[in-house]
Amino acid sequence: MKHNVAGKSLQRNSAHRAALRMNFTVSLLTHERVVTTLPKAKALRPFVEKVITLGKNKTLASIRRAVALLQDKTVVKKLFDEIGPRFATRQGGYTRIMRLSGYRPGDGGSKAILELVDNKVLETKMKAAEVAAVATEGKAKRKGSKA
């Protein structure tokens, strides 16, 4: 029986899990969206949520704690300057997990996207894609009318 054992081991030792947690969180905060396996996304989501909650309160102690957890000063700066204020009014639930269809070709792992709820990077990419689609649609109509 596993009494008083919290979290998933993800088939890794404790040092590997700690490094995975740190690297995963840095990647998510940098890119605001990460594609990974579903069990890994579910296991690492609570840690990411706690780090974002830490980023909402900009004190010297919380900044030092974030630097100790993430070990990347540029990401810590982004956490306290951009991400923390963005979620200032939200009480929790900063991330979302979306399952992807299909499996990874190498090992058959199920894929998922872990992203921040109000993903600014995704919104700008979607707006750019919409503008490009409208532009190509206009070109297609013009070419169709000439023929």
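On a predicted model such as this, the values are computed, not experimentally measured, just so you know.

Caption draft 1: Molecular detail of the packing of aromatic side chains. One pass over the structure, following the stated rule, counts one aromatic pair. An angle of 55 degrees between the planes, with centres 5.2 Å apart, marks the rings of Phe-87 and Tyr-94 as tilted. Judged by its relative accessible area of 1%, Tyr-94 falls in the buried class. The aromatic ring of Phe-47 is capped on one face by Arg-21, whose charged end is 5.2 Å from the ring centroid.

Caption draft 2: Representation of the environment of Leu-44 in the model. Mapped onto the fold, Leu-44 is located in helix α2 (residues 38–55). What makes Leu-44 buried here is its relative accessible area of 4%. It is 9.0 Å that separates the C-alpha atoms of Leu-44 and Gly-7, two residues lying 37 residues apart in sequence. Those residues within four positions of Leu-44 in sequence are excluded, and the remaining contacts are Leu-20, Arg-21 and Phe-24.

Caption draft 3: Main features of helix α4 (residues 73–86). Here α4 is 14 residues long and its end C-alpha atoms lie 19 Å apart, about the 20 Å a rise of 1.5 Å per residue gives. Along its length, α4 shows its largest kink, about 40 degrees, at Leu-79. When we look at burial in α4, the residues that qualify are Val-75, Val-76, Lys-78, Leu-79, Phe-80, Ile-83, Gly-84 and Arg-86.

Caption draft 4: Structural view of the sheet that holds strand β2 (residues 95–103). Taken together, three strands build an open sheet; the order of strands is β1-β3-β2 and the sheet is antiparallel. Each having just a single partner strand, β1 (33–37) and β2 make up the two edges of the open sheet. This sheet shows a mean twist of 25 degrees between the axes of neighbouring strands, independent of strand direction. Here β1 runs beside strand β3 (residues 110–116); their pairing, made up of five bridges, is antiparallel. Each residue of the ladder has a partner; that of Arg-33, found in β3, is Glu-115. Strand contacts of α2: β1, β2 and β3, with the helix running at about 165 degrees to β2, the strand carrying the most contacts.

Caption draft 5: Representation of the environment of Arg-90 within the structure. Looking at the secondary structure, you find Arg-90 in the loop between α4 and β2. Put simply, Arg-90 and Thr-53 are 37 residues apart on the chain and 9.6 Å apart in space, counted from C-alpha to C-alpha. Those residues in contact with Arg-90 that lie beyond four places of it in its chain are Lys-56 and Val-117.

Caption draft 6: How the structure looks around the nonpolar core. Counting 25 residues, the largest nonpolar core has Leu-29, Ile-52, Leu-70, Leu-79 and Ile-83 as its most contacted members. For this core, the secondary-structure elements that each account for two or more residues are α1 (14–31), α2, α3 (60–70), α4 and β3. Excluding its chain neighbours within four sequence positions, the residues that come into contact with Leu-29 are Val-51, Ile-52, Leu-70, Val-75, Lys-78, Leu-79 and Ile-83.

Caption draft 7: Structural context of the confidence of the model for the protein. Model confidence for the protein is summarised by a mean pLDDT of 88, while 88% of its residues fall at 70 or above. Here helix α5 (residues 120–146) stands out as the element of the protein with the lowest mean pLDDT, 67, in contrast to α3, whose mean of 97 is the highest.

Caption draft 8: Molecular detail of the packing of α1 against α2. Across the interface, α1 lies against α2 with an axial gap of 10 Å and an inter-helix angle of 70 degrees. In terms of orientation, α1 lies roughly perpendicular with respect to α2. Where α1 crosses over α2, the handedness of that crossing is right-handed. Along its contact with α1, which presents Leu-20, Arg-21, Phe-24, Thr-25, Leu-28 and Leu-29, the element α2 presents Lys-40, Leu-44, Phe-47, Val-48, Val-51 and Ile-52. Of the residues in the contact of α1 with α2, the class split is nine nonpolar, one polar and two charged.

Scoring rules and cut-offs
Residues numbered from 1 in each chain as written. Predicted model: local features only at pLDDT ≥ 70, side-chain atom pairs only at ≥ 80, totals over all residues. Heavy atoms only, no water. Phe/Tyr/Trp six-rings, centres within 6.5 Å; stacked < 30°, edge-to-face > 60°. Buried < 20%, exposed > 50% of the residue type's maximum accessible area, 1.4 Å probe, protein only. Lys NZ or Arg CZ within 6 Å of the ring centre and 35° of its normal. Helix = DSSP H or I, 4+ residues; strand = E, 2+ residues; numbered from the N terminus. Contact = heavy atoms within 4.5 Å. Expected span 1.5 Å × (residues − 1). Bend = angle between axes of the 7 residues up to and from the residue. Pairing = 2+ DSSP bridges. Axes fitted to C-alpha atoms, helices over the stretch in contact; angles between N-to-C directions. Core = buried A, V, L, I, M, F, W, Y, C linked by side-chain atoms within 4.5 Å. pLDDT = per-residue confidence, 0-100. Parallel < 35°, antiparallel > 145°, perpendicular 65-115°, else oblique. Left-handed = near helix turned anticlockwise from the far one by under 90°. Nonpolar A, V, L, I, M, F, W, Y, C, P; charged D, E, K, R; others polar.

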